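Listed below, chain by chain, are the residues.
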Amino acid sequence: MHDDDLANLYAPFGLVVTAGNITLRLFRDADLPAYAELISSPLFQDEKAPYVFGWWARDPVVRLREGLQWLWRARASITPESWTLTMGVFEGDRLVGAQDVAAREFGKLRVVESGSYVRLDAQGRGIGTLMRQMMLVLAFDHLGAMRAESGAITGNDMSLAVSRHCGYQLDGTEITMNGDLRVELQRVAVTPDTFIRPDIDVTVRGLTAELREQLGADRTSLRVVLGPE
C-alpha cells in the first residue's frame, strides 16, 4: 500500500512536516523495525542521570513491547477531545528521533504539549532544535495554537538549552515521578510572540479538513475562542 492510500484511509498518516532534509511524520507500521532499533540505541551520554527516561531503564524486551503499544494506542486515540501525534524524525531516510505533540480539548484551550528525543549519534548538529521548531510551526501557524508547553527534569541542561533556542521561557517547577525516582521538573512555555523561528522554510502537507476536524482545529471548534466570523 502506498503512503497516499494509507492517508486516504486514516488522515493522520498524510501529515508531513519538512525543513531541509529533516522530515516529521506519524510512525507507520513499516517504520517499526527502525523504531525498535531507535529505542534500543544510546540516547544519553550518562545513562544513570536522573533525567534519563524512566522507560529506558526497563528490560529491552519490555521497553520494545510497551513502545509499540504506545505507538498503536496513540494513533488509534486521536479525537478532538484528546490526541497525541507520535512523529518520527527522519534525516533523509534515517530515523534519528521522535517528536510528539499532544493536546486536550484543543478547540477550546488551543494549548499543546510536547516531548522529544534524538539518538546520541545524531546529537550536536541542531536536529533537536529544528525538529522542535518544526513542531511549533505546525502548532502555531497551521493548527492555531496559542501556547505550547513542555518540561525537562532539573539537570537536563541540553533539553533546556533546546527550549531556550526555540523561545520557551521558564514556567515554574513541579515535583513528579520519573519511573521510580522522585524528581523536580522545570516547566517551560512558548507562545507565537516568543517563538524563535528556524532559519529555513518549514513546509506542512496533508493537513486536510478531515484531519483538522479530528484534531479539533477546524473553524467550528476554534470559533469558541476566535469569536464568530
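Source: prediction; values computed, not measured.

Q: How do you make sense of the packing of aromatic side chains when you look at a structure like this?
A: A ring pair, where both rings are aromatic, is described by two values, the distance of the centres and the angle of the planes. Per the stated rule, a full pass over the model turns up four aromatic pairs. Taking the centre distance of 5.2 Å and the plane angle of 65 degrees together, the rings of Phe-27 and Tyr-35 count as edge-to-face. Residue Phe-27 is classed as buried on the basis of its relative accessible area, which comes to 1%.

Q: I keep staring at the side chain of Arg-25 and nothing clicks. Help me out?
A: Within the fold, Arg-25 resides in strand β2 (residues 22-26). Side chain to side chain, Arg-25 and Asp-31 meet in a polar contact 2.7 Å long. Setting aside anything within four residues of it in sequence, one finds Arg-25 in contact with Leu-15, Val-16, Asp-31, Thr-86, Met-87, Gly-88 and Phe-90.

Q: Would you take a moment to explain the environment of Gly-107 for this structure?
A: For Gly-107, the location among the structural elements is in helix α4 (residues 106-109). When the C-alpha positions of Gly-107 and Leu-26 are compared, they lie 21 Å apart, and in sequence the two are 81 residues distant.

Q: Any chance you could explain the packing of helix α5 (residues 127-142) against helix α6 (residues 157-166) here in plain terms?
A: Axis angle and axis distance: for two packed helices, these are the angle between their axes and the distance between the axes, and together they describe the pair. Relative to each other, α5 and α6 sit at 50 degrees, their axes nearing to 9 Å. The pairing of α5 with α6 is recorded here as oblique in orientation. When you trace α5 past α6, the crossing you get is right-handed. Facing Gly-128, Thr-129, Arg-132, Gln-133 and Leu-136 of α5, the residues of α6 in contact are Ser-159, Val-162, Ser-163, His-165 and Cys-166. Of the residues in the contact of α5 with α6, the class split is three nonpolar, six polar and one charged.

Q: Would you mind showing me how to read α5 here?
A: The end-to-end C-alpha distance of α5, which contains 16 residues, comes to 21 Å, matching closely the 22 Å that a straight helix rising 1.5 Å per residue would cover. Taken across its 16 residues, α5 has 14 buried, putting it largely inside the fold. Two residues or fewer past α5, Gly-144 is found with a positive phi of approximately 90 degrees.

Criteria and thresholds
- Residues numbered from 1 in each chain as written.
- Predicted model: local features only at pLDDT ≥ 70, side-chain atom pairs only at ≥ 80, totals over all residues.
- Heavy atoms only, no water.
- Phe/Tyr/Trp six-rings, centres within 6.5 Å; stacked < 30°, edge-to-face > 60°.
- Buried < 20%, exposed > 50% of the residue type's maximum accessible area, 1.4 Å probe, protein only.
- Helix = DSSP H or I, 4+ residues; strand = E, 2+ residues; numbered from the N terminus.
- Polar contact = N/O pair within 3.5 Å; in protein donor to acceptor, adjacent residues only side chain to side chain.
- Contact = heavy atoms within 4.5 Å.
- Axes fitted to C-alpha atoms, helices over the stretch in contact; angles between N-to-C directions.
- Parallel < 35°, antiparallel > 145°, perpendicular 65-115°, else oblique.
- Left-handed = near helix turned anticlockwise from the far one by under 90°.
- Nonpolar A, V, L, I, M, F, W, Y, C, P; charged D, E, K, R; others polar.
- Expected span 1.5 Å × (residues − 1).

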